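For reference, the chains in residue letters:
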Amino acid sequence: MFLVGLTGGIASGKSTVSSQLRELGCPVIDADVVARKVVEPRTRAYQLIVQNFGQEVLLENGEIDRQKLGHIIFSNPEKRRVLNSITHPEIHRAMFHHILYYFIRGYRYVVLDVPLLFETRRLTQLMKHTVVVYCDPGTQLARLMQRDSLSQGEAEQRVAAQMPLSEKRGLARHVIENSGSREDTHRQVLRLHAALDRSMEYLPVRVIAVATVAGLAGLFLYTLKLLAS
Ligand SMILES: Nc1ncnc2c1ncn2[C@@H]1O[C@H](COP(=O)(O)OP(=O)(O)OP(=O)(O)O)[C@@H](O)[C@H]1O
């Protein structure tokens, strides 16, 4: 198996591309969904967040108020570090479990949809392929304003808070150009999907896994034989 990191900028089209990949049968793990799950009430991360940030970051229904937490860490690097040290290990563990699930089911690759892929260097190193969903700045701003009902100033502020999309594009192995129509994007997704399906890069990990299982089974049988004699 090998890992494919899918990333981009705010409103550049990651969800659009990941849902097209899902429709083609690719397993996609959405880091945002995982990040929401690991802070649900009664989880370890939830308890640590309440301990460190207080009851004021809770909504009336007891869930974490992610927007409020976002505001707190936006202007406070130390608090951001604390929050990341609580959530990142949980997110990585949960993602590992998802990957293992697909690996056991025999998938050759898994796509990880991670908005901050290039900002998290440790994660980038694990990716065999990286894909950036790019769209030109004007289109990105217009789509963001429309989707989230933002003024131009608000949208510009959100885009400016991220690593420039042009920089991410320079770091990626594949680029999906999403400034045009959805059909145009879909054609590129089909090409990417074909390239990933053709790839033999899943073989080394599979050979190691099969050899390990065969070795363990052999050792088990040998031990049984010794015990029986
Ligand atoms: N090719 C396209 N043509 C027209 N609209 C598009 C296209 N691609 C995406 N959009 C629209 O642009 C908006 C942003 O796209 P999408 O939600 O896929 O981006 P995203 O990168 O997942 O965003 P975020 O990370 O901010 O959640 C959505 O409203 C989507 O419907």
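Scroll up a little and you will see the structure.
Please read all numbers here as calculations on a predicted model, not as lab measurements.

Peer 1: Can you lay out the packing of helix 1 (residues 14-23) against helix 10 (residues 182-198) for me, pointing to particular residues and giving the numbers?
Peer 2: Two elements in contact, helix 1 and helix 10, have axes whose closest approach is 10 Å; the angle formed by their N-to-C orientations is 55 degrees. With respect to each other, helix 1 and helix 10 are oriented oblique. The element helix 1 and its partner helix 10 pack so that their crossing is right-handed. From helix 1, Thr16, Val17, Gln20 and Leu21 reach across to helix 10, where they touch Arg182, Thr185, His186, Val189 and His193. Here the contact of helix 1 with helix 10 is built from residues that sort into 3 nonpolar, 5 polar and 1 charged.

Peer 1: Account for the pairing of strand 1 (residues 2-8), with residues named and values stated.
Peer 2: The element strand 1 is largely enclosed, with a buried count of 5 among its 7 residues. With 5 bridges connecting them, strand 1 and strand 3 (residues 109-113) associate as parallel partners. What sits directly across from glycine 5, in strand 3, is leucine 112. Across 5 bridges, strand 1 lies against strand 4 (residues 129-134) in parallel orientation. Of the residues in strand 4, the one forming a bridge with glycine 5 is threonine 130.

About the cut-offs
Within each chain, residue numbers correspond to sequence positions counted from 1 in written order. Local features in this predicted model are restricted to residues whose pLDDT is 70 or higher, and side-chain atom pairs enter the listing and the counts only when it is 80 or higher, whereas totals over whole chains, interfaces and linings include all residues. Axis lines are fitted through C-alpha atoms, for helices just across the contact stretch, and the angle between N-to-C directions can take any value from 0 to 180 degrees. Runs of H or I in DSSP of at least four residues are treated as helices and runs of E of at least two as strands, each being numbered from the N terminus. Note that the term roughly parallel is reserved for angles under 35 degrees, roughly antiparallel for angles over 145, roughly perpendicular for angles of 65 to 115, and oblique for everything else. Crossing handedness follows the turn of the near helix against the far one: under a right angle anticlockwise gives a left-handed crossing, and clockwise gives a right-handed one. In this description, any two residues whose backbone-derived C-beta atoms lie within 7 Å of each other are considered to be in contact. When residues are grouped by polarity, Ala, Val, Leu, Ile, Met, Phe, Trp, Tyr, Cys and Pro land in nonpolar, Asp, Glu, Lys and Arg in charged, and all others, Gly among them, in polar. Exposure classification rests on a simple neighbour count of other C-beta atoms within 10 Å of a residue's own: a residue reaching 20 or more is buried, one at 12 or fewer is exposed, and one in between is partly exposed. C-beta atoms are placed from the backbone. In this analysis, strands are considered paired if DSSP registers two or more bridges between them.

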